[in-house]
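Next come the chains, spelled out residue by residue.
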Amino acid sequence: MCLSCEIGAQLGAFSEAILAGSSRTSRRRVLKAGALIAASALLPPLLQSHARADVKADSDRPMPADGPADWLFENGTILTMETDQPRVEAVAVRGRAIVYAGDRSGAQAWIGPGTRRIDLQGRMLMPGLVDSHVHPMLGTLFSSGFVIDANAKEEQVIDAIKAHVKADPGTGVFFGVGWNTNLWQAQGGPHKRDLDAIEAERPMLFLSSDAHSAWANSKALALAGVTAATKDPPVGGYQRDANGEPTGLVREAPAMVPMIAALKLLAPERYNPALKAMLQTFAQMGFTSLFDAGMPLGLETIFAALVQMDEAGALPVRLHATRMVTNKDQVQGAVADLAELNRRFRSEHFTVRTLKIVADGVIENRQAAMLEPYQQPPGARGQLALSEANVQGLLRQCERAGFDVHFHTIGDASLRQALDALTAVQASGGQPKLTLAHVQVVADSDQQRLARLKPLITSTGIWCIRYAAVEDALGAERYRKMFRFGRLQRDHGVNVALGSDWPATYGSGTLGIRPFLNIQAAILRQPPPPLLEAMGSSLGADAEQPLPPQADAFTLEGALQAYTLAGARQMGLEAITGSIRVGKRADLVLLDRDLTAIPTEDIHRTNVLLTLMDGRSTGVDRS
Ligand SMILES: [Zn+2]
Ligand SMILES: [Zn+2]
């Protein structure tokens, strides 16, 4: 499932050497020690600090006499996510803040000549959406190429590439994503000679639809210095012919990284405009806050661009980034490095203040760490990336430095490691802020510990569906107990957030990002029709049936909380966003329908008409 985290782990190990150099995917579910750490403890608590300062200023009760509202929303359903006042009749916005939330009559005092009045007329207003686990930076790299249809046959792929080359008479790189790894099986995969015949002077690199393979021409191999003498990395490698000569088929991220670097796919002039457009896409979908759960390469260049974008008033979302740790060799110095990134790169809406730990892999390739072996192959049970001592140490260091920890866990063994480490740190008086991401398989006894210890959790709605390959790997019993969040949220008060994990998620293009697709899936534990269509038969038999246990399905209210306030809490932004309350920032989204009045099966059809961040329209304004 979490292929991004997975790709991140693989790329991360090899990214040190790659600082320059900017793509897209689908299965598909498809980041100087002591002194610096000590110094980081003295740093101001960053974004939170200025968030809190703002709230203090904004929460001096605003009065109409100080000036009329810029926006007034009324006459429709307005969900606030606040328990003491879950619904209001009207909301007024002045400047960047919410100045009124209450009944319609009280709202009238806020109307002035410049007030933009929005009659909701059966539509709905809610807090701006928060994607609490997504990889927009990696997704930008993946989406910056041209798209090859994953259903195309060999000749069609060649024709599409020919047409693309013909349409681009420049001198740059040809980069694309989407060919299907089932093609060219008889020849052992695609071959560089087919690409060389189309273009020999300009480098070409095309990623497969699952992003586990790439296909390069001779020019790209030469630029990356890949020859018969090149050694394969520990994972993946370069397919060779009988003479040891690379054929152009490149397997797995560690072998792809030198190619991505050599082709300068992260070069600012190429990557930055794509990143800006991608963030705009998120704003148009209703997002006002994103948690980037990991980018394995090019961090400094990208962070610098984001700070610059924010300072120019062009960042349409609050964006929090992470620094990844994916194996034991990366533990030493990781928190110091995070502190350094945190110090160097921050602006009003951007910060990096979270350590991302990738504790295991994914079930599909048997890399998720399990307490009991997989059904097959015999004996396989995955592997933990770090030791218990590593995890405890990182939790303690992060707490001391004022940083959060975001912990990728798919298998029940990595989940147990996280809970054991958390328990140990808490026993010695620590209170680290730990978010567990994915939480796919959990032993029953640990499910009870989740209810008791209440770590923060984030997972993905469209993962909560039937998928035969996972059932084959886990066996029926474990398969029937995956993604148990509904009761933790409803009955135990656990902060469960939802995010898309795009681009490591089902479906191609930006389908996987769509929040209302995810919300519907979280409620029904079934794939909404567009997802079922995109996945085709790959989900296996009974894909349209609900995934058990039904008692762990989200309610509509729970899923909306998970996409707003719960995500804001995870990001430490709950004082300024995530709900509609006087004094908070005007992060709001206007929907074309009232989610409380339509069948659950129609939620995925919801369109966003207006997104406000800090009271400013950031998406398309169709209000
Ligand atoms: Zn992950
Ligand atoms: Zn992820």
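In this text, all values refer to a predicted model and were calculated from it rather than measured experimentally.

S.K.: I would appreciate a short explanation of the pattern of salt bridges in the present structure.
M.R.: A side chain with one charge can pair with a side chain of the opposite charge if their charged atoms come near. Applying the stated rule across the entire model yields 25 salt bridges. Of the charged contacts, one joins arginine 117 and glutamate 74 as a salt bridge, the two residues approaching to 2.9 Å between their closest N and O atoms. Of this pair, arginine 117 sits in strand S4 (residues 116-119) while glutamate 74 sits in strand S1 (residues 71-79); the two residues are 43 residues apart in sequence, bridging distant segments of the chain. Accessibility expressed as a relative area gives 45% for arginine 117, which makes it partly exposed. Here arginine 318 makes a salt bridge to aspartate 587, at a shortest N to O gap of 2.8 Å. Of this pair, arginine 318 sits in strand S14 (residues 318-325) while aspartate 587 sits in the loop between helix H22 (565-570) and strand S20 (588-591), and the two are 269 residues apart along the sequence. This pair shows no difference in class: arginine 318 is buried, exactly as aspartate 587 is. What you see here is one network of salt bridges that share partners, running through Arg96, Arg318, Glu348, Arg585, Asp587 and Asp614.

S.K.: How do you make sense of the nonpolar core when you look at a structure like this?
M.R.: Nonpolar side chains in soluble globular proteins generally cluster together in the buried interior. Counting residues in hydrophobic clusters, the biggest one holds 134 residues, and the most contacted among them are Met137, Leu306 and Phe350. Contact partners of leucine 306, with chain neighbours within four places excluded, come to Met137, Leu275, Leu279, Leu315, Leu319 and Phe350. Core analysis: the second largest hydrophobic core is formed by 19 residues, Val93, Leu120, Ile580 and Leu609 among them.

S.K.: I'm lost on the packing of aromatic side chains in this one. Help?
M.R.: Taken as a whole, this structure holds 13 aromatic pairs when the rule is applied. On the basis of an interplanar angle of 5° and a centroid distance of 5.9 Å, the ring pair of tryptophan 71 and phenylalanine 73 is categorised as stacked. In this structure phenylalanine 73 comes out as buried when scored by relative accessible area, which is 0%. Ring geometry for phenylalanine 483 and phenylalanine 485: centres 6.2 Å apart, planes at 50°, overall tilted. Among the residues examined, phenylalanine 485 registers a relative accessible area of 1% and is labelled buried. Feature note: the residues Phe146, Trp179, Trp184, Phe206 and Trp215 constitute an aromatic cluster, connected by ring pairs. Of note, arginine 366 hangs over the ring of tyrosine 374, and the distance from its end group to the ring centre comes to 5.6 Å.

S.K.: Can you walk me through the sheet that holds strand S11 (residues 237-240) in this structure?
M.R.: In a beta sheet, neighbouring strands pair by backbone hydrogen bonds and run either parallel or antiparallel. What the 6 strands build is an open sheet, ordered S7-S8-S9-S10-S12-S11; its pairing is mixed. Looking at which strands have only one partner, the edges of the open sheet turn out to be strand S7 (146-147) and S11. As judged from the 5 bridges shared by strand S8 (residues 174-179) and strand S9 (residues 204-208), these two strands associate in the parallel manner. Bridge pairing in S9 places phenylalanine 175 opposite leucine 205.

S.K.: In this structure, what is going on with the pairing of strand S21 (residues 608-613)? I would like to understand it.
M.R.: Residues in a regular strand point their side chains to alternate faces of the sheet. For S21, a buried count of 6 out of 6 residues is recorded, marking the element as mostly surrounded by other parts of the structure. Of the strand pairs in this sheet, S20 and S21 are connected by 4 bridges, and their pairing is antiparallel. In the strand pairing of S21, leucine 591 is matched with valine 608. Where S21 meets strand S22 (residues 616-617), 2 bridges bridge the pair, whose relative direction is antiparallel. Paired with methionine 613 across the strands is arginine 616, a residue of S22. Here S21 hands over to S22 after 2 residues, with aspartate 614 in that stretch at a positive phi of 55°.

S.K.: Can you walk me through the environment of glutamine 426 in this structure?
M.R.: Its location among the elements puts glutamine 426 in helix H14 (residues 412-427). Residue glutamine 426 is classed as partly exposed on the basis of its relative accessible area, which comes to 33%. Measuring from C-alpha to C-alpha, the distance between glutamine 426 and phenylalanine 483 comes to 25 Å, with 57 residues separating the pair along the chain.

S.K.: Quick question: what am I supposed to make of a negative patch on the surface here?
M.R.: The grouping of Glu471, Asp472, Asp542 and Glu544 at the surface amounts to a negative patch. Residue placement: aspartate 542 occurs in the loop between helix H20 (529-535) and helix H21 (556-562). Here aspartate 542 falls in the partly exposed class, since its relative accessible area comes to 44%.

S.K.: Would you take a moment to explain the packing of H14 against helix H15 (residues 444-453) for this structure?
M.R.: Across the interface, H14 lies against H15 with an axial gap of 11 Å and an inter-helix angle of 40°. Put simply, H14 runs oblique to H15. Relative to H15, H14 is oriented so that their crossing is left-handed. Within the contact between the two elements, H14 uses Asp412, Leu415, Arg416, Leu419, Asp420, Leu422, Thr423 and Gln426 and H15 uses Ser445, Asp446, Arg449, Leu450 and Leu453. For the contact of H14 with H15, a count of residues per class yields 5 nonpolar, 3 polar and 5 charged.

S.K.: Help me out: how do you make sense of H15 in this one?
M.R.: Residues three or four positions apart in an α-helix share a direction because the helix packs 3.6 residues into each turn. If you check which residues of H15 are buried, you get Asp446, Gln447, Arg449, Leu450 and Ala451. Lysine 454, located one to two residues past H15, shows a positive phi value of around 50°.

Scoring rules and cut-offs
Counting from 1, residues in each chain are numbered in the order their sequence is written. As a convention, the first chain written is A and the first ligand written is 1, with the rest following in written order. The predicted origin of the model limits local features to residues at a pLDDT of at least 70 and limits the giving and counting of side-chain atom pairs to 80 or more, whereas totals for whole chains, interfaces and linings rest on all residues. As a rule here, side-chain values come from all non-hydrogen atoms in the structure, and water together with hydrogens is ignored. Salt bridge, as used here, is a side-chain nitrogen of Lys or Arg placed within 4 Å of a carboxyl oxygen of Asp or Glu. Secondary structure is summarised from DSSP: a helix means a run of H or I of at least four residues, a strand means a run of E of at least two, and numbering begins at the N terminus for each. Each residue is placed in one exposure class: buried if its accessible area under a 1.4 Å probe, protein chains only, is under 20% of its type's maximum, exposed if it is over 50%, and partly exposed if it falls in between. What makes a nonpolar core is a set of buried Ala, Val, Leu, Ile, Met, Phe, Trp, Tyr and Cys residues whose side-chain atoms join them at distances within 4.5 Å. It only takes one pair of heavy atoms within 4.5 Å for two residues to be counted as in contact. The pairing test for Phe, Tyr and Trp rings, Trp by its six-membered ring, is centres within 6.5 Å, and the orientation test on the planes gives stacked under 30 degrees, edge-to-face over 60, and tilted for anything in between. For a lysine, the NZ atom is tested; for an arginine, the CZ atom; a charge sits over a ring if that atom is within 6 Å of the ring centre and within 35 degrees of the ring normal. At least two bridges found by DSSP between two strands is the condition for calling them paired. Patch membership requires more than 30% relative accessible area and the absence of a salt bridge. Residues of like charge join within 9 Å; the nonpolar side chains Val, Leu, Ile, Met, Phe, Trp and Tyr join within 5 Å. For every accessible area listed, the method is Shrake-Rupley and the probe measures 1.4 Å; residues are considered covered only by the protein chains on display. When charges are counted, Lys and Arg contribute as positive and Asp and Glu as negative, whereas His and the chain ends are disregarded. Where a charge lies is defined by one atom per residue type, namely NZ (Lys), CZ (Arg), CG (Asp) and CD (Glu). Each axis is a line fitted through C-alpha atoms, taken for helices only over the stretch in contact, and angles between the N-to-C directions span 0 to 180 degrees. Oblique is the label for any angle not covered by the other classes, which are roughly parallel (under 35 degrees), roughly antiparallel (over 145) and roughly perpendicular (65 to 115). If you view the pair so one helix is near and one far, a crossing is left-handed when the near helix is turned anticlockwise from the far one by less than a right angle, and right-handed when it is turned clockwise. Gly is placed with the polar residues, together with every amino acid not listed as nonpolar (Ala, Val, Leu, Ile, Met, Phe, Trp, Tyr, Cys and Pro) or charged (Asp, Glu, Lys and Arg).

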